Every structure is written in C-alpha cells, then in structure tokens.
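# Coordinate inspection notes
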Amino acid sequence: MNGYSIAVVPGDNIGPEVIAAGCRVLERLQDLGLCRFAFEHFPWGAGHYLRTGRAAPEDLVARLRPFDAIYFGAHGDPARVPDRVGSRELMHPLRQGLDLYVNLRPARLLPGVPSPLRDPGDIDFVVVRENTEGEYAGAGGRVHRGGPDEIAVQTTVVTRRGAERAMRFAFELARRRGGKRHVHCVTKSNALAHVMELWDETFALVAADYPDIRTGKSHVDAMSMYLIERPAAFDVIVASNLMGDILSDEAAAITGSVGLAGSANLNPARSGPSMFEPIHGSAPDIAGRGLANPLGAIRAAALMLDWLGERGAARLVDGAIDATLAAGHPRTRDLGGDAGTGAMTAAVLDRLDAPHATAPHR
Ligand code: IPM
Ligand code: MG
C-alpha cells in the first residue's frame with residue numbers, strides 16, 4: 001500500500017468544512033486498504049493574519065515543498081481581512097513559488113444535475129488556466145496613495161516560455177483525453193495587443209507540433225457567449241490566468257453549481273508537490289452552518305489521487321460522487337435541496353464502501 005504525505009491548508013469560512021469532508025473520504029480509502037495518508041494541517045488564512053499580521057509565514061513555500069501534495073480549502077474573510085492579503089501572502093506564493101503553472105479545471109455536466117441552460121448538450125471540457133503569470137503576475141503598485149494624483153499600475157506579464165508550457169500541457173491533455181481532440185485558445189489580442197499577440201503566436205507555434213489535434217481561437221468576450229450557446233463543442237480550452245479564472249466559474253455554473261467543481265494546480269515537471277482545491281470561494285454567508293456542498297472538495301481529492309498515480313482510488317471516489325449526484329438525493333442547497341455537508345459526505349462514504357453500487361465513471 002503506497003503512503004503519501006499531504007499538507008492540508010483548510011483556509012477560511014467553509015474551507016475547513018469542505019476539507020474535513022474530503023479528508024474523511026481519504027481516510028476511508030485508507031481504511032479500505034487502498035493507500036495511506038499522513039496529514040499535516042497548516043491553519044493559514046484570515047485567522048493567522050489576525051493573530052500574526054500575515055496570512056501565512058514567509059517561508060510557506062519551503063515548508064510545503066517536502067510534501068507529496070497539498071490539499072487546499074478556500075481563503076478569504078472579507079469582513080475581517082482585505083481580500084488581497086490571502087491572495088498575496090498565501091495563494092499566489094504557493095502557485096508561483098511551487099511553479100504550479102497549470103490550473104486544471106474540468107467541467108462536466110453529470111446525470112442528475114440540472115444545468116441552467118435550456119439545451120446544454122453533453123458538456124465535457126477542461127479549462128487549462130495558465131497559473132503563474134499573466135494578469136496575476138503581481139507586477140505593479142500604487143503611488144501617491146490617497147491623493148488626487150494617485151496612480152495604480154498592474155502589469156500583465158506573458159512570457160513565451162510561460163505561455164508555451166501551459167499550451168503544450170493543453171495539447172498533451174487533448175491527446176490523452178482522446179475525445180474531440182480539440183484545443184481552443186482564449187485570447188483578447190484585438191485589444192491587449194502586446195501580451196495577447198505573443199500568446200496567440202505561441203499558440204500557433206505549439207499547435208504546429210500537434211497536427212493530430214484540431215484548434216480554435218476566440219476572444220474572451222465571445223468565448224463567454226459560446227460557453228452558453230454551445231458548451232458541448234469544447235474539449236480543452238487554454239486561457240491566461242484571469243481569463244481562465246473567469247471562464248472556469250462560468251463553466252462551473254453551466255454544469256450545475258460552483259459547489260461541484262474541483263481543480264488541480266499542477267507542477268507538471270513534478271519538481272515539487274501539486275495543490276488541489278475546490279474552485280469555489282470561502283462563502284462567508286453560509287460558513288459555520290454545515291451547509292456547504294463538499295463535492296467540489298471531494299472531487300479535488302480525486303484529482304489529487306489521480307495525480308499521485310492512485311488511479312483506482314481516484315476512479316472509486318469519482319464514481320461515488322457521480323452516483324450520489326445521479327441518485328438525486330441528498331442535495332445541498334446550491335443544488336436545490338436542503339441537505340447539509342454531513343449528509344452529502346455520508347452519501348459519498350456509503351458508496352465507497354459499496355463500490356458495486358456506483359455508476360461507471362466515463
Ligand atoms: C480561484 C480564485 C482565486 C483566483 C482568488 C481567491 C484569488 O478565484 O482560485 O479561482 O482568482 O485565482
Ligand atoms: Mg476563481
């Protein structure tokens with residue numbers, strides 16, 4: 001039985017609630033004799049900021065580097081701490097410092113989950129979001145604070161190397177998925193000429209190495225429409241950091257609920273741990289009441305298992321999630337039901353114990 005060290009960073013508000021659910025699922029896999037986990041918890045986020053003046057210690061990257069993987073909840077507590085603190089001191093240092101250059105965000109409309117779209121078709125695509133630079137590079141600042149001459153500058157950074165490695169990942173993924181074999185490039189080179197022209201040129205260069213994969217390209221504004229009008233047409237979508245952030249929330253909405261979506265922040269070179277998290281935020285409005293949908297966090301745990309090479313365990317968890325949704329109950333409030341986090345988690349755990357009852361995973 002293989003063993004893995006997992007750094008657990010639950011974060012704020014519903015983060016700890018959904019991560020506790022995901023850890024219960026992983027512990028159940030351990031009880032079933034599939035793999036072992038040594039969890040270490042890092043209570044970073046808003047509470048840490050209020051206690052220490054920082055959302056996480058300055059050496060956070062060095063502290064998490066030795067782990068096999070990082071399991072992350074959600075950060076943010078805007079009533080007590082400015083939002084940028086957690087991003088600047090916790091999330092971005094991990095994504096950049098551990099070189100987690102791909103943020104993989106699968107979007108699949110599952111049986112039993114209604115889409116808000118009238119005629120969604122068979123939605124099954126993955127957003128590959130560049131995750132270390134672009135609009136989130138962190139370059140910029142503010143001067144003459146508070147005065148009439150105040151200036152704020154936030155520079156988008158696109159490097160040929162950064163764009164190329166995310167795009168290569170997207171093409172390799174399209175090959176591995178073996179479905180529509182299509183990569184769609186999201187751009188905005190009609191307005192952001194410097195950075196997005198380099199992005200588009202890099203896409204064309206990378207695409208030339210994959211003659212077996214079809215390609216498409218849209219400006220992000222049009223893309224936000226196409227995801228509503230014909231989401232089933234897409235397979236792999238590659239986008240810059242902010243554009244991928246926005247489109248992946250839209251992708252979550254059209255596939256039923258942001259509460260269902262998991263994501264993987266990957267270091268494809270495997271020079272360190274990768275990080276797995278639900279894509280939803282910390283949801284202060286429902287925190288502490290046991291109402292959060294844990295399935296996004298549990299799906300993120302399945303992505304983690306898959307990345308660790310535990311494909312059988314990953315499929316078991318994916319199947320348990322899919323079967324729970326297909327059954328139509330229990331359902332959390334984001335899915336129109338009134339079940340809580342505990343009931344939803346218990347339903348998944350039950351199906352892990354009786355895997356023959358789970359629906360086959362595509
Ligand atoms: C996400 C989140 C983060 C992001 C926020 C919390 C900084 O929206 O992971 O998608 O924008 O990357
Ligand atoms: Mg987001």
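Residues numbered from 1 in each chain as written. Chains lettered and ligands numbered in written order. Predicted model: local features only at pLDDT ≥ 70, side-chain atom pairs only at ≥ 80, totals over all residues. Heavy atoms only, no water.

## Here's the deal with helix α11 (residues 341-353)
Its 13 residues place the ends of α11 19 Å apart at the C-alpha level, agreeing with the 18 Å of an ideal helix rising 1.5 Å per residue. Those residues of α11 that are buried lie in contact with α1 (14-31), α9 (295-307) and α10 (311-327). (Helix = DSSP H or I, 4+ residues; strand = E, 2+ residues; numbered from the N terminus. Expected span 1.5 Å × (residues − 1). Contact = heavy atoms within 4.5 Å.)

## Points about the packing of aromatic side chains
The full count for this structure, using the stated rule, is six aromatic pairs. Plain terms: the ring middles of Y4 and F37 are 6.3 Å apart, the flat faces sit at 35° to each other, and that makes the pair tilted. Separated by 33 residues along the polypeptide, Y4 in strand β1 (residues 3-11) and F37 in strand β2 (residues 36-41) bring together distant segments of the chain. Centre to centre, the rings of F42 and F67 are 5.6 Å apart; their planes meet at 90°, and the pair counts as edge-to-face. Of this pair, F42 sits in the loop between β2 and α2 (46-52) while F67 sits in the loop between α3 (60-64) and β3 (69-74); the two residues are 25 residues apart in sequence, bridging distant segments of the chain. Just as F42 is buried, F67 falls in that class too. Pairwise contacts between aromatic rings join Y4, F37 and F39 into one cluster. Geometry around Y136 places R129 over its ring, the cationic atom sitting 5.0 Å from the centre. (Phe/Tyr/Trp six-rings, centres within 6.5 Å; stacked < 30°, edge-to-face > 60°. Buried < 20%, exposed > 50% of the residue type's maximum accessible area, 1.4 Å probe, protein only. Lys NZ or Arg CZ within 6 Å of the ring centre and 35° of its normal.)

## Regarding the site of ligand 1
In the vicinity of ligand 1, the residues found are H75, S87, R95, R105, R129, Y136 and D245. Between ligand 1 and R105, the relevant distance is 3.0 Å, taken from an oxygen atom to a side-chain nitrogen or oxygen of the residue. At 2.6 Å, a side-chain N or O of Y136 approaches an oxygen atom of ligand 1. Counting the residues that make up the shell around ligand 1, at least three belong to each of domain 1 (1-101 + 262-362) and domain 2 (115-255). (Near = heavy atom within 4 Å. Polar contact = N/O pair within 3.5 Å; in protein donor to acceptor, adjacent residues only side chain to side chain. Domains from an automatic or database assignment.)

## Focus on the pattern of salt bridges
In total, this model carries 21 salt bridges according to the counting rule given. Measuring nitrogen to oxygen at the nearest pair gives 4.0 Å for the salt bridge that ties R63 to D59. For R63, a relative accessible area of 38% corresponds to the partly exposed category. Salt-bridge contacts for R88 lead to E89; the nearest nitrogen and oxygen are separated by 3.6 Å. (Salt bridge = Lys/Arg side-chain N within 4 Å of Asp/Glu carboxyl O.)

## Notes on the pairing of strand β12 (residues 274-278)
A large share of β12 lies buried, amounting to five of its five residues. Of the strand pairs in this sheet, strand β11 (residues 262-266) and β12 are connected by four bridges, and their pairing is antiparallel. Bridge pairing in β12 links S263 to E277. (Pairing = 2+ DSSP bridges.)

## Focus on empty space enclosed by the protein
Enumeration over the complete set of coordinates arrives at one cavity of 30 Å³ or more. Broken down by element, the lining of the largest cavity gets its largest block of residues, three residues, from helix α4 (residues 83-97). Residues of the lining of the largest cavity, tallied by class, amount to five nonpolar, four polar and three charged. (1 Å grid on protein atoms, 1.4 Å probe; cavity = no way out; pocket = protein on both sides within 12 Å on 5 of 7 lines; lining within 4 Å. Points joined across faces, edges and corners; volume = space filled by probe spheres on them. Nonpolar A, V, L, I, M, F, W, Y, C, P; charged D, E, K, R; others polar.)

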